[in-house]
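# Structural features, examined
Letter by letter, the chains look like this.
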Amino acid sequence: THHTLIDNDLQTYTVEKLLEIKRAHEKWVSESLQKEEINITFAELEIITKFLVSANIQTEEEITKVPLEEKIKKNQLTLFIEEYLKIGMLKSNLVSQYIEKQPDVDFGERLEKGFVDKYLELKATGIGGDELFFELFEFASNSSSEFKKQAAALAVLTYFFETCEVFEK
């Protein structure tokens, strides 16, 4: 309902004003994720990872592993995404512990395969960079609007980004 209001009031909603609103919103989202990232536990990881393991995506292509810094550059990720990755790194070690404690020994491999398959599916559509990262983030969170679930999804995505299991060489 706000599109018409904004589109019809170019004096108030200048490009500069809209960019300011966008920056403020992005800051709020980042701060909210950071706040919830600290609070995630195995319970939130279970919700996210069970969804990801159940994803039924089929591809067989492999991805070559590379160091983290190179990965950010090669995937054309911006500083904005680098900040998201820093937030996710706060709990990516918890993801590792969670995977190791699973009684199902294939759980980690299935979780990784879900991410890799989704990555390859998205890559095949021609998207890349930040858009690809956000699509994977949306996939990982199962499109949840809850910051706690988003924070858990970010931790899982970051874990696989750090371990070089997902994203381009």
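Residues numbered from 1 in each chain as written. Predicted model: local features only at pLDDT ≥ 70, side-chain atom pairs only at ≥ 80, totals over all residues. Heavy atoms only, no water.

### Comments concerning helix H6 (residues 92-100)
Every buried residue of H6 is accounted for by Ser92, Leu94, Val95, Tyr98 and Ile99. Down the axis of H6, the sector holding all buried residues measures 150°, keeping them to one side. (Buried < 20%, exposed > 50% of the residue type's maximum accessible area, 1.4 Å probe, protein only. Helix = DSSP H or I, 4+ residues; strand = E, 2+ residues; numbered from the N terminus. Arc of directions from axis to C-beta.)

### A word on the nonpolar core
Here is a general trend for soluble globular proteins: nonpolar side chains tend to be buried in one another's company. By size, the foremost hydrophobic cluster in this structure holds 40 residues, and its most contacted members are Phe133 and Phe167. Mapped by element, the contributors of at least two residues to this core are helix H2 (15-37), helix H3 (42-54), helix H5 (79-89), H6, helix H7 (107-124), helix H8 (129-140) and helix H9 (147-162). The dominant element in this core, judged by the number of residues it contributes, is H9, at 11 residues. Non-local contacts of Phe133, meaning those with residues more than four positions away in its chain, are made with Leu77, Ile81, Tyr84, Leu85, Leu154, Leu157 and Phe167. (Core = buried A, V, L, I, M, F, W, Y, C linked by side-chain atoms within 4.5 Å. Contact = heavy atoms within 4.5 Å.)

### Description of the pattern of salt bridges
Oppositely charged side chains can pair when the atoms bearing their charge come close. This model, assessed by the stated rule, comprises 7 salt bridges. Linking Lys27 and Glu31 is a salt bridge whose minimum nitrogen-to-oxygen distance equals 3.7 Å. Of this pair, Lys27 and Glu31 both sit in helix H2, separated by 4 residues, roughly a single helical turn. Judged by its relative accessible area of 53%, Lys27 falls in the exposed class. Owing to a relative accessible area of 44%, Glu31 belongs among the partly exposed residues under this scheme. Salt-bridge contacts for Glu83 lead to Lys86; the nearest nitrogen and oxygen are separated by 3.5 Å. Of this pair, Glu83 and Lys86 both sit in helix H5, 3 residues apart, which is roughly one turn of the helix. (Salt bridge = Lys/Arg side-chain N within 4 Å of Asp/Glu carboxyl O.)

### So, the confidence of the model for the chain
When pLDDT is averaged across the chain, the result is 81; 84% of the residues are at 70 or more. Looking at the elements of the chain, mean pLDDT is at its lowest for H3, recorded as 67, and at its highest for H8, recorded as 93. Taken together, the stretch residues 55-65 has pLDDT below 50 and engages in 22 contacts with residues farther than four places along the chain or on a different chain. (pLDDT = per-residue confidence, 0-100.)

### Overview of H8
Between its first and last C-alpha atoms H8 spans 17 Å; for 12 residues at 1.5 Å apiece the expected length is 16 Å, and the two agree. Residues Gly129, Asp130, Leu132, Phe133, Leu136, Phe137, Phe139 and Ala140 constitute the buried set of H8. Immediately downstream of H8, the backbone of Asn142 shows phi near 55°, a positive value. (Expected span 1.5 Å × (residues − 1).)

### Description of the side chain of Asn75
Residue placement: Asn75 occurs in the loop between helix H4 (68-74) and H5. On the basis of relative accessibility, which here comes to 6%, the residue Asn75 falls in the buried class. From its side chain, Asn75 meets the backbone oxygen of Lys71 in a polar contact 2.7 Å long. (Polar contact = N/O pair within 3.5 Å; in protein donor to acceptor, adjacent residues only side chain to side chain.)

### Some details on the packing of aromatic side chains
Under the criterion given, the structure shown has 11 aromatic pairs. Between Tyr84 and Phe134, the aromatic rings sit 5.4 Å apart at their centres with planes inclined by 85°, giving edge-to-face as the arrangement. Of this pair, Tyr84 sits in helix H5 while Phe134 is found in helix H8, placing the two residues 50 residues apart along the sequence. Among the residues examined, Tyr84 registers a relative accessible area of 4% and is labelled buried. Ring centres of Tyr98 and Phe107 lie 6.0 Å apart, and the angle between their planes is 75°; this geometry places the pair in the edge-to-face category. (Phe/Tyr/Trp six-rings, centres within 6.5 Å; stacked < 30°, edge-to-face > 60°.)

### Some thoughts on unusual backbone geometry
Positive phi outside glycine occurs at Gln76, with the angle close to 55°. Of note, Gln76 is situated in the loop between H4 and H5. For Gln76, a relative accessible area of 63% corresponds to the exposed category. A positive phi angle, near 55°, is found at Asn142, a position not held by glycine. Tracing the backbone through its elements, the reader meets Asn142 in the loop between H8 and H9. Residue Asn142 is classed as partly exposed on the basis of its relative accessible area, which comes to 45%.

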